[in-house]
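Geometric and topological summary
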Amino acid sequence: MLRLTLALLLAAPFATSQTTSSLHIGGVDFDLSGVGQATVIDARVGHALNRYVAVEGGLGYSDTPQQFGDVRYVLPSAEVQLGVPVGPVRPFVGLGLGVFVPLEEAGERTIQRGETTLTVDVYPSTYTAATVALGADVAVVGPWIARATGRLRATGDDPFEFSGTFAELTGGVGYRF
């Protein structure tokens, strides 16, 4: 396994350096302080280290309807991707880390449930997240690419005991330079 990893990292680089910027939008099923569905928007920048390995950073946004009101999150992340180019398609798998940063302040919220009015204290949490991604880039025209990605962000206080998930499926467009 170590030999394979070293071979991939030291493989012949692309003829030219490949940096990609892309914009994605899609849906997400989440299980955080509430369970539901939302939209996620994600801007990503990646750089190919060689023919098979790339690093990518992203900054996402999602407004999640949760148990005691909506919580908007900013989602910074970093990922290492292993991909195998096949003609105009580059399927990849990625592993990374990210953070859920709430934009809401802690405090009281008043919630209407039918004829009942509830006042609750809400403490939106910042979560760290391990990420796994599966996707593919497809060359479209010139430097333009289309991209489809499925990403699972798993959160929890203990890195090996996940208490929340954020499963997203996005499509996007990117530009290589």
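Residues numbered from 1 in each chain as written. Predicted model: local features only at pLDDT ≥ 70, side-chain atom pairs only at ≥ 80, totals over all residues. Heavy atoms only, no water.

1. Notes on the environment of V35
Threshold: Put simply, DSSP H or I for four residues or longer makes a helix, DSSP E for two residues or longer makes a strand, and each gets a number counted from the N terminus.
Relative to the helices and strands, V35 is located in strand β2 (residues 35-48). In sequence terms V35 and T64 are 29 residues apart; their C-alpha atoms lie 8.9 Å from each other.

2. A short note on the nonpolar core
Just so we agree on the cut-off: Definition of nonpolar core: a set of buried residues of the types Ala, Val, Leu, Ile, Met, Phe, Trp, Tyr and Cys, connected through side-chain atoms within 4.5 Å. Note on exposure labels: buried denotes an accessible area under 20% of the residue type's maximum, exposed denotes more than 50%, and partly exposed covers the range between, all computed with a 1.4 Å probe on protein chains only. In what follows, a contact means two residues having at least one pair of non-hydrogen atoms within 4.5 Å.
Grouped together as the largest cluster of nonpolar side chains are 12 residues: V28, F30, L32, A38, V40, V71, Y73, L75, F100, Y127, A129 and F166. Of all elements in the fold, only β1 (19-31), β2, β4 (69-83) and β8 (127-141) reach the threshold of two or more residues within this core. Broken down by element, this core gets its largest block of residues, 3 residues, from β4. Setting aside its immediate chain neighbours within four residues, A38 contacts G26, G27, V28, F30, S62, D63, T64 and P65.

3. Some details on the pairing of strand β10 (residues 164-176)
Rule in force here: Whether two strands pair depends on DSSP finding at least two bridges between them.
Strand direction decides the pairing type here: β1 and β10, joined by 12 bridges, are antiparallel. By the bridge assignment, D31 is partnered in β10 with T165. Pairing analysis gives 12 bridges linking strand β9 (residues 144-155) to β10, with the strands arranged antiparallel. Note that in β10 the partner of A146 across the bridge is V173.

4. Looking at a nonpolar patch on the surface
Heads up, the condition is: Only residues above 30% relative accessible area that lack a salt bridge enter a patch, with like-charged residues linked at up to 9 Å and the nonpolar side chains Val, Leu, Ile, Met, Phe, Trp and Tyr linked at up to 5 Å. Every accessible area reported is derived by Shrake-Rupley at a probe size of 1.4 Å, with residue values counting cover from the shown protein chains alone. What makes a salt bridge here is a side-chain nitrogen of Lys or Arg within 4 Å of a carboxyl oxygen of Asp or Glu, nothing more.
A contiguous nonpolar patch, built from L82, V93, L95, V132, L134 and L152 and spanning about 510 Å² of accessible area, is present on the exposed surface. Contributing elements (two or more residues each) for the nonpolar patch: β5 (89-102) and β8. Following the sequence through the fold, L82 ends up in strand β4. Accessibility expressed as a relative area gives 38% for L82, which makes it partly exposed.

5. So, the pattern of salt bridges
Close approach of charged atoms allows side chains of opposite charge to pair. Taken as a whole and judged by the stated rule, the model has 12 salt bridges. When the shortest N-O distance is used, the salt bridge between E79 and R44 registers 4.0 Å. Separated by 35 residues along the polypeptide, E79 in strand β4 and R44 in strand β2 bring together distant segments of the chain. Overall, the relative accessible area of 4% leaves E79 in the buried class. The partner of R153 in a salt bridge is E168, with the nearest N and O atoms 2.8 Å apart. A residue pair is termed long-range when its members are at least 10 positions apart, and R153 in strand β9 and E168 in strand β10 qualify at 15 residues.

6. A few points about the packing of aromatic side chains
Our working rule: When the centres of two rings from Phe, Tyr and Trp lie within 6.5 Å, Trp using its six-membered ring, the rings pair. Their planes under 30 degrees apart give stacked, over 60 give edge-to-face, and anything left gives tilted.
A full pass over the atoms with the stated rule returns 6 aromatic pairs. Taken together, a centroid distance of 4.9 Å and an interplanar angle of 70° make the contact between W144 and Y175 edge-to-face. Placement of the pair is W144 in strand β9 and Y175 in strand β10, with a sequence separation of 31 residues. Judged by centre distance (6.3 Å) and plane angle (25°), the rings of Y175 and F177 are stacked.

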